[in-house]
Amino acid sequence: MSTVNKVLMAPDGPEFSQLVQGYWRLGSWDMDKQARLTFLKQHIEMGISTVDHAAIYDAGHCETLFGEALKLDPSIREQIEIVSKFGINGIASSHTEKRVSHYDCSKQGILASTENSLRRLGVEQLDALLVHRPDFLMDADQVAEAFNELKQSGKVKHFGVSNFTSSQFDLLQSRLPAALITNQVEFNPINFDVVADGTLDQLQQYRVRPMAWSCLAGGTIFSAQTPQAKRLRATLSELGEELGADSIDQVIYAWILKHPSNPVALLGTGNTKRVKDAANALTLKMNAEQWYRVWVASKGVNVP
Ligand SMILES: NC(=O)c1ccc[n+]([C@@H]2O[C@H](COP(=O)([O-])OP(=O)(O)OC[C@H]3O[C@@H](n4cnc5c(N)ncnc54)[C@H](OP(=O)(O)O)[C@@H]3O)[C@@H](O)[C@H]2O)c1
């Protein structure tokens, strides 16, 4: 089995594993504490040492479940890099008042959300904290103040963003002393807008790696009955045979990792066999014609 290597995320940035285990769906995996710890140890053993969380995942419950598992073997903390995110204030479905979910990039909101994440995870420091979604009311000076405070206190080592446009990225970067270490963005054969809208160009320019989320389109790539999904499955299977892949998931990871912005890919599965398959995909190398066959299958037209 291949071992997943660590890669530098940005100039002076941290090293993350080239595949990152996402924990958004942890609450649906039906694992007790011990099973959560076993899953964590299994992916660390494959070299997948970076884990992705967010304050909003199951309203904080995913971080709590992860923290409980970590507490069973605190020595694991030194073997992993923990990423979390802030900035989406959801409302409980039981809420009866007329209110909406909204974004919060205020200094106070950032500090409070980070404290809560640290407490739920049961750790003293995050390796990276990301702005989960662009807040249209974001005051970049306030965000910078909060980041500086979190850095000074040792609560967060590095900072990044998620779902940012390139202009939002530049705005925030202009107020920060250190390079943002990533822009975590959706990138899969169904939605790869970031390839053409300047997001990945900017990251390539700055030598900052994107983190690709929902690489398998949240699983819909296997099940959707749209003409696009059918075309994609046919093309991915054909490519799988050419490349000697075991599954179409592997072809998708090879397709994402071929992009010259050098993404790291987030995994969303809670199935160890599928994590292993993803790790084995790193040896697959796609050529340009094969990469564009996925593009054409997705769009349903040839390149201009
Ligand atoms: N920054 C953001 O805004 C943002 C947004 C979304 C996600 N994320 C991050 O990205 C991570 C990954 O996202 P994701 O969970 O959407 O990833 P994904 O890999 O696109 O989807 C995972 C889902 O696909 C299913 N799946 C995987 N392989 C399959 C197969 N061969 N056949 C059928 N179903 C299959 C999984 O089920 P099994 O568990 O049964 O394998 C799971 O339900 C999240 O955990 C989170 O950390 C970030």
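Reading the values: the criteria
Residues numbered from 1 in each chain as written. Predicted model: local features only at pLDDT ≥ 70, side-chain atom pairs only at ≥ 80, totals over all residues. Heavy atoms only, no water. Pairing = 2+ DSSP bridges. Helix = DSSP H or I, 4+ residues; strand = E, 2+ residues; numbered from the N terminus. Axes fitted to C-alpha atoms, helices over the stretch in contact; angles between N-to-C directions. Contact = heavy atoms within 4.5 Å. Near = heavy atom within 4 Å. Polar contact = N/O pair within 3.5 Å; in protein donor to acceptor, adjacent residues only side chain to side chain. Nonpolar A, V, L, I, M, F, W, Y, C, P; charged D, E, K, R; others polar. Phe/Tyr/Trp six-rings, centres within 6.5 Å; stacked < 30°, edge-to-face > 60°. Buried < 20%, exposed > 50% of the residue type's maximum accessible area, 1.4 Å probe, protein only. Right-handed = clockwise from strand over helix to strand, strands pointing away.

Caption draft 1: Looking closely at the sheet that holds strand β10 (residues 183-186). Judged by pairing direction, the barrel is parallel, and its 8 strands sit side by side in the order β3-β4-β5-β8-β9-β10-β11-β12 before closing back on the first. Pairs of neighbouring strands in the sheet enclose a mean axial angle of 30°, with direction left out of account. Across 4 bridges, the pairing between strand β5 (residues 81-86) and strand β8 (residues 126-131) is parallel. Pairing of K85 across the sheet is with L130, part of β8. The sheet contacts of helix α3 (residues 107-121) involve β5, β8 and β9 (156-162), and relative to β8 the element is tilted by about 140°.

Caption draft 2: Focus on the site of the ligand. Taken together, 28 residues lie around the ligand, and R25, D52, S214, T269 and R274 are the ones closest in. Within the backbone of Y23, a nitrogen or oxygen atom sits 3.5 Å from an oxygen atom of the ligand. The backbone of W24 places a nitrogen or oxygen atom 3.2 Å from an oxygen atom of the ligand. Looking at the shell around the ligand residue by residue, the class counts come to 10 nonpolar, 12 polar and 6 charged.

Caption draft 3: Highlighting the packing of aromatic side chains. Applying the stated criterion to the full structure yields 13 aromatic pairs. Between Y23 and F66, the aromatic rings sit 4.9 Å apart at their centres with planes inclined by 70°, giving edge-to-face as the arrangement. Here Y23, found in the loop between β3 (19-22) and α1 (33-45), pairs with F66, found in helix α2 (residues 61-72); they are 43 residues apart in sequence, far enough to count as distant. Ring centres of F86 and F147 lie 6.2 Å apart, and the angle between their planes is 85°; this geometry places the pair in the edge-to-face category. On the criterion of sequence distance, the pair formed by F86 in strand β5 and F147 in helix α4 (residues 140-152) is long-range, its members being 61 residues apart. Judged by relative accessible area, which is 2%, F147 ranks as buried.

Caption draft 4: Region of the structure containing the side chain of H43. Mapped onto the elements, H43 comes out in helix α1. Of the residues examined, H43 reaches a relative accessible area of 1% and is grouped as buried. When near neighbours in sequence (up to four residues on either side) are disregarded, H43 contacts Q21, Y23, I48, V51 and V275.

Caption draft 5: Local environment of the environment of I190. Inspection of the secondary structure assignment puts I190 in the loop between β10 and α6 (199-206). By relative accessible area, which is 29% here, I190 ends up partly exposed. Along the backbone, I190 and W295 are 105 residues apart, and their C-alpha atoms lie at a distance of 9.1 Å. Once residues within four sequence positions are removed from consideration, I190 is found in contact with A217, T220, I221, Q228, L232 and S298.

Caption draft 6: Summary view of the pairing of β3. Residues L19 and Q21 of β3 are buried on one face, and the alternating residues V20 and G22, pointing to the opposite face, are buried as well. Sheet analysis places β3 next to strand β12 (residues 264-267), joined by 3 bridges and oriented parallel. Bridged to L19 within β12 is A265. The pairing of β3 with strand β4 (residues 50-52) spans 3 bridges and is parallel. Bridge assignment links G22 to a residue of β4, and that residue is D52. The β-α-β motif built from β3, the intervening α1 and the parallel element β4 has right-handed crossover chirality.

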